Amino acid sequence: MALPRTPSQTVGPYYAIGLCRRDDNVLDPDGVELTGQLLDGQGEPIGDGMVELLDPVARTWGRSGTDREGRFSFRVRPDVEALEVLVFARGLLRHERTRCVLADLHGDGPLVFDIHMQGQNPTVFYEV
Amino acid sequence: MTDDVVLPDDPSLGPDVQIDYPGYRSTRWRVPARPLQTLPEELHALDGPVFGEDVLQASDNDLTRQHDGEPLGERIIVSGRLLDEDGRPIRNSLVEIWQANAGGRYRHEVDQHPAPLDPNFSGAGRCLTDDDGTYRFVTIKPGSYPWRNHPNAWRPAHIHFSVFGRAFTQRLVTQMYFPGDPLMAYDPIIHAVRDPQARELLIASFDLESTEPEWALAYRWDIVLGPGNGATPLEDA
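Remember, it's a predicted structure, so these values are computed and weren't measured experimentally.

Focus: the overall build of chain B
Each helix and strand counted, chain B has three helices and 11 strands in total. Along chain B, from the amino end to the carboxyl end, the secondary structure elements read α-β-β-β-β-β-β-β-β-α-α-β-β-β. Dimensions along the principal axes, computed over C-alpha positions, put chain B at roughly 50 × 45 × 35 Å.

This is the structure in structure tokens:
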């Protein structure tokens, strides 16, 4: 019989003490900048959130805390189809999973991938 | 008051945490409001990140030896095994912890609880699991602290844990609680797990065998991760 799984609990507001001690947001030093804002259902920035990325082809991983404006930033390989994304924050009792399809991000300059937890046009989240 | 914060047990909701638990106020504007979608297929084998000894620094697993002096509080050893659902050890996996000091204060600019900071305690640790899936930390028993979720709200003492497992889909961030802590009965975060048996999985056991006489008490807490869908099959499975 399978062992029962340990339930999830929120990362809380103080995760940076334990999880943001290193320069973890660089998946590819020669890559392009990927940035975005993490926003709640009232359009307010989530200033105590954390985003993790996985480049599933290169098998590289990264982590960025959000600042007061809810902003996170990474340096990623531009020629990957999609990055797998996990979102953590106070108020999230379990992290949420989404996907960043790079071809959907237009324009010059840094790639911009905003994450809307709720609202009129929320980010699509997936079952883990 | 606690009726609003702690809802009745409901094992029918399953063993996982109820992500829109109303007693935990911060969920309201943050939890996705629409149902989660099912990915038609994984694009790739989603192996989790691989970490080596290079991520570790000396004394990363001993939170009592990260400064010139010793932190105040009750010295404890916290150890356990990282396992999959079949009971197999998850080896060489990064375990990260963070916690309040003995007075219930985090070393973080946002924490304004008027309890003293301890100059000899940072409250963060990390280690890799060994061949048996075992992790081990030496630390200080964290204090309880107030938070503003509801009137007179106090968090039970806890240590935050972050673990990776073999696959991206096994990622888990959770909290370990201490046996017998009366504050657990009033805490909406642990009660967001509505199945009382599942809640027990978040509570460590006192571990007399691992205590070090004349030195430190010990607690044991195993962590079991879900199935790693999409991960490359294990060679040694």
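This is not the end of the story, as more comes after the structure.
Considering the overall build of chain A
When helices and strands are tallied, chain A shows one helix and eight strands. Order of helices (α) and strands (β) in chain A, N terminus to C terminus: α-β-β-β-β-β-β-β-β. For 128 residues, the compact-globule formula gives about 14 Å, and the C-alpha radius of gyration of chain A, at 15 Å, lands near that figure. Considered along the principal axes of its C-alpha atoms, chain A spans approximately 45 × 40 × 30 Å. Residues counted as buried form 49% of the 128 residues belonging to chain A. By sequence separation, contacts in chain A at least 24 residues apart represent 65% of the contacts at least 6 residues apart.

Description of the sheet that holds strand E2 (residues 49–55) of chain A
All names here are of chain A. Strands sit in the order E3-E2-E5-E6 across an open sheet of four strands; the sheet is antiparallel. With one partner strand each, in any of the chains shown, strand E3 (60–65) and strand E6 (96–101) form the two edges of the open sheet. Averaged over all adjacent pairs, the angle separating strand axes in this sheet is 25 degrees, with direction ignored. Bridge analysis of E2 against E3 gives six bridges, and the strand direction is antiparallel. The residue bridging Met 50 from the neighbouring strand is Gly 65, located in E3.

A look at the pairing of strand E3 (residues 124–128) of chain B
Residues and elements named next belong to chain B. With respect to burial, E3 is a largely interior element, four of its five residues being buried. Alignment of strand E2 (residues 94–98) against E3, held across five bridges, turns out to be antiparallel. In the sheet register, Val 95 faces E3, and the bridge partner there is Cys 127.

Describing the sheet that holds E3 of chain B
Residues and elements named next belong to chain B. Taken in spatial order, the four strands line up as E3-E2-E7-E8 in an open sheet, and their pairing is antiparallel. Of all the strands in the sheet, the pair left with one neighbour each is E3 and strand E8 (172–177). When strand polarity is set aside, the average angle formed by the axes of neighbouring strands in this sheet is 20 degrees. By the bridge criterion, four bridges tie E2 to strand E7 (residues 158–163) in an arrangement that is antiparallel. Its bridge partner lying in E7, Glu 96 is registered against Ser 162.

Some words on the confidence of the model for chain A
Residues at a pLDDT of 70 or more form 99% of chain A, whose mean pLDDT is 94. When pLDDT is averaged over each element of chain A, strand E8 (residues 115–116) of chain A comes out on top at 98 and helix H1 (residues 16–19) of chain A at the bottom at 93.

Some points on the pairing of E6 of chain A
Along any regular strand the residues' side chains alternate between the sheet's two faces. Residue and element names in this part refer to chain A. Pairing analysis gives six bridges linking strand E5 (residues 82–89) to E6, with the strands arranged antiparallel. Its bridge partner being in E6, Val 85 is matched across the sheet by Thr 98. Counted along the chain from E5 to the antiparallel partner E6, the turn is six residues long, and its residue Gly 91 has a positive phi close to 95 degrees.

Side note on unusual backbone geometry
Most peptide bonds adopt trans geometry, and most residues besides glycine take a negative phi value. All names here are of chain B. Of note, the phi angle at Asn 92 is positive, near 50 degrees, even though the residue is not glycine. As for its placement among the helices and strands, Asn 92 is situated in the loop between strand E1 (75–83) and E2. Using a count of 15 C-beta atoms within 10 Å as the deciding quantity, one classes Asn 92 as partly exposed. Positive phi, normally seen in glycine, also occurs at Glu 214, with a value near 65 degrees. With respect to the helices and strands, the residue Glu 214 is situated in the loop between strand E9 (205–206) and strand E10 (217–220). Glu 214 sits in the exposed class, given 5 other C-beta atoms within 10 Å.

The rules behind each value
- Residues numbered from 1 in each chain as written.
- Chains lettered and ligands numbered in written order.
- Predicted model: local features only at pLDDT ≥ 70, side-chain atom pairs only at ≥ 80, totals over all residues.
- Helix = DSSP H or I, 4+ residues; strand = E, 2+ residues; numbered from the N terminus.
- Rg over C-alpha atoms; globule rule 2.2 N^0.38 Å.
- Buried ≥ 20, exposed ≤ 12 C-beta atoms within 10 Å, placed from the backbone.
- Contact = placed C-beta atoms within 7 Å.
- Pairing = 2+ DSSP bridges.
- Axes fitted to C-alpha atoms, helices over the stretch in contact; angles between N-to-C directions.
- pLDDT = per-residue confidence, 0-100.

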